[in-house]
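For reference, the chains in residue letters:
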Amino acid sequence: MRIDYVKLTPVAIPDKPLLNCKGVHQPYALRTVIEIFCDDGTVGIGESYGSIKALEGLREAAPALVGLDPFHLNELKARILKALPNGGGINAKTAVADHKVTDVVYSAFEVPCLDIQGKAVGRPVVDLLGGPLRQEVPFSAYLFFKFAGHFGEDADDWGEVMSPDAMVGQARRFVSEHGFVSLKLKGGVLEPDLEIETMIKLREAFPHHPLRIDPNGGWTVETAIYIARKLEGILEYLEDPVIGMDAMAQVAAATSIPLATNMVVLEFDQIAEAVRKNAVKIVLSDHHYWGGMRASTHLAKLCETFDLGLSMHSNSHLGITLAAMTHVAAATPNLTYACDTHYPWTGVDIIEGAPFRFEDGSLTVPDKPGLGVSIDQEKLGKFAALYEVAGVSERNDTAYMQQFDPTYERRVPRW
Ligand code: GKR
Ligand code: MG
């Protein structure tokens, strides 16, 4: 079996005005949908970032896949490294951390190759990763402060959530609609005392739900230590309170709350420094940038070796990504925390049939051959058309926030 050709479709998917420490989500989140066609008619699918640099990297490397045996993932990596000799990162200047284009492109093409392999041998992808250790994968609710509606538009059905009490209401809806157990708050948005109050109110409303807060490095070391002291005994972990390995180590030394990260440990060679400096206790995996689904299971082995916990990161995404996340999570022995997901915020999908449904906050691992999901071409066409008219090729939460508030400045840390 050989790869005949690769089709890349950038899509724009409607998003909600969700706030973080750098601004607010734009009306559309960008993704790229990948289809790999083999000479025997098998098609493998995948989903990756839609930012312009990721898309350009995918476009540049795609021709190198022609003729490749989809089981030969080592050669896939070699061909991508050769096709993208200049490497580089994919993230916009407004982002705080960056991801390597070669890792991102490899990951993006590995998923459809594994989908093809699974279809060829009649087994779900999880079996190619060593088989499932759990049939149900738990996900966490991803709580966001948010504006009532997009700029110049009416309120959406979530309404405005800009206070601790409103956030408890949002959490109640997530828990009642999806059954989520762990609750994660995107912090760094309101002033620190209000975010402390939010976490305390969430604890009162949900005494048995693990709680996390992630300000994406939006706090200074002093603020982070102040907040950590107030939230001792309340959080299961504190994610990226500050930016930089040394700053994380300073906060870690001052609190008993374990620190988690998807911002200072996002490549294998950063693990050594994190361990040496005792900067983090939990690393977030993500097959889109750690170098694929298999590499995510290798990360798990390293975490076990260094006695680090493992959780899973998410960005705005569709169901192909969710399926891949679920396969990886099911095959990872020490994924001991519920995975993040933005899926409920997206509210639309391009997969055939009904979108994924969380039961008691968990998803059942798909058991059909490959990823277990397929593309509804009509839906794909609709969101591809939206990409063409949306006129956005890069995420810029700061610029969008400036439409709401022209005096807003990007400041990380903010508080
Ligand atoms: O969607 O605004 C967001 C998040 O802040 C996202 O961009 C982060 O990558 O969810 C992510 C995180 O855990 O840092
Ligand atoms: Mg994070």
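As named in an unreviewed UniProt entry, the protein is glucarate dehydratase, taken from Neorhizobium galegae bv. orientalis str. HAMBI 540. Under Pathway (unreviewed entry), UniProt gives the following word-for-word description of the protein: "Carbohydrate acid metabolism; D-glucarate degradation; 2,5-dioxopentanoate from D-glucarate: step 1/2."

**Student:** Is there a simple way to think about the environment of P406 in this case?
**Tutor:** You can see P406 is positioned in the segment after α14 (397–404). As a C-alpha pair, P406 and N315 span 91 residues in sequence and 26 Å in three-dimensional space.

**Student:** For this particular structure, what's the right way to read the sheet that holds strand β13 (residues 309–312)?
**Tutor:** Through backbone hydrogen bonds, the strands of a sheet pair up, either in parallel or in antiparallel fashion. Spatial strand order, β7-β8-β9-β10-β11-β12-β13: seven strands in an open sheet with parallel pairing. Of all strands in the sheet, those with a lone pairing partner are β7 (141–144) and β13, marking the two edges. Between one strand axis and the next, the sheet turns by 25 degrees as a mean value, whatever way the strands run. Both β7 and strand β8 (residues 183–186) contribute to a ladder of four bridges, which runs parallel. Of the residues in β8, the one forming a bridge with L143 is L185. Against the sheet, helix α10 (residues 293–305) makes contact with β12 (282–285) and β13, and its axis sits at roughly 175 degrees relative to β12, the strand it touches most.

**Student:** How should I be thinking about the nonpolar core in this particular structure?
**Tutor:** Most often, soluble globular proteins have nonpolar side chains that are buried together. If you look at the biggest cluster of nonpolar residues, it comprises 127 residues, and the most contacted ones within it are V105, M248, V280, V283 and I320. Two domains share this core, each providing at least three of its residues, namely domain 1 (3–126 + 376–390) and domain 2 (130–364). When sequence neighbours within four positions are dropped, the list of residues in contact with I320 reads V33, I45, G46, E47, I351, L371 and V373.

**Student:** Sorry if this is basic, but what is going on with the UniProt feature "domain: Mandelate racemase/muconate lactonizing enzyme C-terminal" (unreviewed entry) in the protein here?
**Tutor:** As annotated by UniProt and renumbered to match this structure, "domain: Mandelate racemase/muconate lactonizing enzyme C-terminal" (unreviewed entry) occupies residues 164–258. Along residues 164–258 one finds 53% helix and 12% strand; the C-alpha atoms at either end are 23 Å apart.

**Student:** I keep staring at the site of ligand 1 and nothing clicks. Help me out?
**Tutor:** Every residue near ligand 1 is listed here: L18, N20, K186, D214, N216, N262, H313, S314, N315 and D340. Among the residues forming the shell around ligand 1, the class breakdown is one nonpolar, six polar and three charged.

**Student:** Sorry if this is basic, but what is going on with unusual backbone geometry here?
**Tutor:** Across the chain, the bulk of peptide bonds are trans and the bulk of non-glycine residues have phi less than zero. In this chain, V412 is followed by P413 through a cis amide linkage whose omega measures 0 degrees. Inspection of the secondary structure puts P413 in the segment after α14. Located in the positive-phi region is D240, a residue other than glycine, with phi close to 40 degrees. Looking at the secondary structure, you find D240 in the loop between β10 (237–239) and α8 (245–254). Looking at D240, the number of C-beta atoms within 10 Å reads 29, which means it is buried. Although it is not a glycine, N278 sits at a positive phi angle of roughly 55 degrees. Considering the arrangement of structural elements, one finds N278 in the loop between α9 (269–276) and β12. Assessed through the 12 C-beta atoms surrounding it within 10 Å, N278 is described here as exposed.

**Student:** Sorry if this is basic, but what is going on with the sheet that holds strand β5 (residues 43–49) here?
**Tutor:** Reading across the sheet, the three strands line up as β1-β4-β5 and stay open at both edges, with antiparallel pairing between neighbours. Edge strands, defined here as strands with exactly one partner in the open sheet, are β1 (3–14) and β5. Averaged over all pairs of adjacent strands, the angle between strand axes in this sheet comes to 20 degrees, irrespective of strand direction. Bridge count between β1 and strand β4 (residues 28–38): eleven bridges; the pairing is antiparallel. Residue pairing in the sheet places A12 in a bridge with L30 of β4.

**Student:** Hey, could you run me through the domain arrangement of the protein in this one?
**Tutor:** Buried accessible area, meaning the area lost when the parts come together, often serves as the stated size of an interface. Once the domains are mapped, the protein shows domain 1 (3–126 + 376–390) and domain 2 (130–364). Taking the mean C-alpha position of each, domain 1 and domain 2 sit 23 Å from one another. Tallying the contact residues gives 37 residues for domain 1 and 42 residues for domain 2. Contributing elements (two or more residues each) for the side of domain 1 that touches domain 2: β1, β2 (19–20), β4, β5, α3 (101–121), α4 (125–128) and α13 (377–390). With seven residues, the single largest contributor to the side of domain 1 that touches domain 2 is α3. Considering only residue class, the side of domain 1 that touches domain 2 consists of 23 nonpolar, five polar and nine charged.

**Student:** Any chance you could explain the packing of α10 against helix α11 (residues 319–330) here in plain terms?
**Tutor:** Between two packed helices, what matters for the description is the angle formed by their axes and the separation of those axes. Interaxial distance between α10 and α11 falls to 10 Å at its minimum, and their mutual angle equals 35 degrees. Here α10 runs over α11; the crossing is right-handed. Together, M293, S296 and T297 of α10 and A324, H327 and V328 of α11 make up the contact between the two elements. Of the residues that constitute the contact of α10 with α11, the class distribution is three nonpolar, three polar and no charged.

The rules behind the values
- Residues numbered from 1 in each chain as written.
- Chains lettered and ligands numbered in written order.
- Predicted model: local features only at pLDDT ≥ 70, side-chain atom pairs only at ≥ 80, totals over all residues.
- UniProt positions renumbered as here; feature names shortened; annotations may be inferred.
- Helix = DSSP H or I, 4+ residues; strand = E, 2+ residues; numbered from the N terminus.
- Pairing = 2+ DSSP bridges.
- Axes fitted to C-alpha atoms, helices over the stretch in contact; angles between N-to-C directions.
- Contact = placed C-beta atoms within 7 Å.
- Core = buried A, V, L, I, M, F, W, Y, C linked by C-beta atoms within 7 Å.
- Buried ≥ 20, exposed ≤ 12 C-beta atoms within 10 Å, placed from the backbone.
- Domains from an automatic or database assignment.
- Near = placed C-beta within 6 Å.
- Nonpolar A, V, L, I, M, F, W, Y, C, P; charged D, E, K, R; others polar.
- Left-handed = near helix turned anticlockwise from the far one by under 90°.

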